[in-house]
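Coordinates in review
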Amino acid sequence: MFKGRYGNDKLNWTMLITAGVLSLLSLFTGRSSYILYAVFSGLATFLIVYSVVRMFSRNFYKREAELNVFLNVLARIKSWYNNKTAELRARHDERKTYKRFTCPQCGQKLRVPRHKGKVRLTCTKCGNKFIRRT
């Protein structure tokens, strides 16, 4: 049946799972808001139809290009998430030795050793000087 056709890939699976979630959301919101029901069910229907069109397509080059775009976006999201979690983990690990302050003028974040009493901080970005207790 799929001989000479593109078949299924990670993008199709993602679209089908998203369509399933949207279908469930449309069932739960159907009683309260017809507009949300129409939006969720319309998006779910579109994703299912587009996924089937991609599966039966003979244009391998275009389907591979779509998959590569999807995988690049997914890799960027994963990289951003991993960087954020590493940053939060580092902050959590150093919370007992350093205290963080935000410059009241520009919003730059500054890190100061704890237990130094009142210190005068100079912002590295704008040069603003302010006093904080560590």
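Residues numbered from 1 in each chain as written. Predicted model: local features only at pLDDT ≥ 70, side-chain atom pairs only at ≥ 80, totals over all residues. Heavy atoms only, no water.

Focus on helix α2 (residues 34-55)
Each turn of an α-helix holds 3.6 residues, which means side chains three or four residues apart point in the same direction. With 22 residues, α2 extends 31 Å from end C-alpha to end C-alpha; this agrees with the ideal 32 Å at 1.5 Å per step. Considering only its buried residues, α2 is in contact with α1 (10-29) and α3 (60-93). (Helix = DSSP H or I, 4+ residues; strand = E, 2+ residues; numbered from the N terminus. Expected span 1.5 Å × (residues − 1). Contact = heavy atoms within 4.5 Å.)

Considerations on the pattern of salt bridges
Pairs can form between side chains of opposite charge whenever their charged atoms are close. A full pass over the atoms with the stated rule returns six salt bridges. For Arg91, the salt bridge is made with Glu87, and the minimal N-O distance between the two is 3.2 Å. Taken as a pair, Arg91 and Glu87 lie in helix α3 at a separation of four residues, close to a single helical turn. Residues Arg100 and Glu94 are paired through a salt bridge, measuring 2.6 Å at the closest nitrogen-oxygen approach. Residue Arg100 is classed as partly exposed on the basis of its relative accessible area, which comes to 38%. Here the residues in one salt-bridge network are Asp9, Arg54, Arg63 and Glu66, joined through shared partners. (Salt bridge = Lys/Arg side-chain N within 4 Å of Asp/Glu carboxyl O. Buried < 20%, exposed > 50% of the residue type's maximum accessible area, 1.4 Å probe, protein only.)

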